[in-house]
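# Residue-level structure breakdown
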Amino acid sequence: MNITQAKILSWLTAVVLALGLSAYVVVFLREVKTKNVLPDAAHVQAVLDESKSIESKVEDIVAYDTVRELFHPSCEKCKGSKNCRHLNWTGAVQAAQIPVAAGEDQVKPVAPAIAVKELVRILMVKVDMAESKDSNVFLKYRPKSGVTNTGNPPGFLLRQGDHLVQPHDRIRIASITADGVLFAFDGDERDSELLGPDELDVGAAIVQVGPDGVVMPKSRNTIPQGNAPVFNPDRTTQLGANHFVLGTNDMEFFNENYAEVLVQDVRTARHQDPKTGKYDGIEIKQVAAGSIAERHGAQEGDVIKSINGHPVTSVQEAITFAKNHANEYTVWKIVVENKGKSRTVIYETPPK
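Each value, and the rule that gives it
Residues numbered from 1 in each chain as written. Predicted model: local features only at pLDDT ≥ 70, side-chain atom pairs only at ≥ 80, totals over all residues. Heavy atoms only, no water. Phe/Tyr/Trp six-rings, centres within 6.5 Å; stacked < 30°, edge-to-face > 60°. Helix = DSSP H or I, 4+ residues; strand = E, 2+ residues; numbered from the N terminus. Buried < 20%, exposed > 50% of the residue type's maximum accessible area, 1.4 Å probe, protein only. Lys NZ or Arg CZ within 6 Å of the ring centre and 35° of its normal.

### Comments concerning the packing of aromatic side chains
For the coordinates displayed, the defined rule picks out four aromatic pairs. Summarising the aromatic geometry, the rings of tyrosine 141 and phenylalanine 156 are spaced 5.2 Å apart at their centres and angled 85 degrees between planes, so their arrangement reads as edge-to-face. Here the residue tyrosine 141 occupies a position in strand β4 (residues 136-141), and phenylalanine 156 occupies one in strand β5 (residues 156-159), the gap between them amounting to 15 residues. A single burial state applies to tyrosine 141 and to phenylalanine 156, both of which are buried. Taking the ring centre of phenylalanine 185 as reference, the NZ or CZ of arginine 190 above it sits at 3.8 Å. Taking the ring centre of tyrosine 279 as reference, the NZ or CZ of arginine 270 above it sits at 3.9 Å.

### So, unusual backbone geometry
Of note, the amide linkage connecting asparagine 152 to proline 153 takes the cis form, showing an omega dihedral of 0 degrees. Summarising the element assignment, proline 153 is placed in the loop between β4 and β5. In this model, glutamine 166 is joined to proline 167 through a cis peptide bond whose omega is 0 degrees. Relative to the elements of secondary structure, proline 167 occurs in the loop between β5 and β6 (171-177). Positive phi is not limited to glycine here, since asparagine 242 has a value of about 60 degrees. Looking at the secondary structure, you find asparagine 242 in the loop between β11 (237-240) and β12 (243-245). The exposure class assigned to asparagine 242 is partly exposed, which follows from its relative accessible area of 27%.

Okay, here's the thing in structure tokens:
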């Protein structure tokens, strides 16, 4: 489309819009007089007379106090009452309300009818066959009761005639016998309920007491007691990774020839920390194949850092420490580093 065609199309569109607007104005001016005329009063009244009147339903009107209680839980009438639960959309059974005494306005909550075994758990029953009043029961409230257990240990010690705590205070302990605890219900026609202590865990230990005190159970140790000789090898034996039992012959050979071993089997040097330049261990430069040092786990590149927690920086220092503590230790733990990794080599001396 060229510029001339675009101009023509724009002018035609403007002309059409102008004609439409003019036609709308003409029609509006013709009908404006009729629109200003008010409707006929008689016709309006006739329409109203034919319509049915709306009857108000008095039973649908809700008292303001009821609405206020629903949306304002801490209402004035229930201040100080922990059982104020107006706003309850859970569907849970609400406790009934009964007067405290005839003629009084105060009310006390009454728990719904729930089996006693769902409210409490009997932990201990003491039955006095001579004086029933001295019998007692130690019980603990279950979560369904809504009661918090207090004391140490948590629970309640009750006697015959005592009541449970609110809102279950209408439940009374009628009697305590060897068969269990008999609970009765004040003001209800419910039958009494007998509840005994929980069954004993047969896997638990039972303490037996005799005339002389606690009877200790007999030992059930069935581990056989043999007469096998103590493990005392002639040559050093490796028990596991980095764990050796020193042989008696090897120990004797090393004590008599340790100077030759250090010269012929291994080549050592003092190790310096590359960062500080201080001596921090004994470096093993070379280990002869098949030597006694190799059989004891020595490896090239090892740096001996400590013996039983005592740092060593020279061979002479290590030998001196071993001689001075030969009668003190039977287990020797050598901390060794090699290529940045640390390991502990354990040597056990055979029993004498």
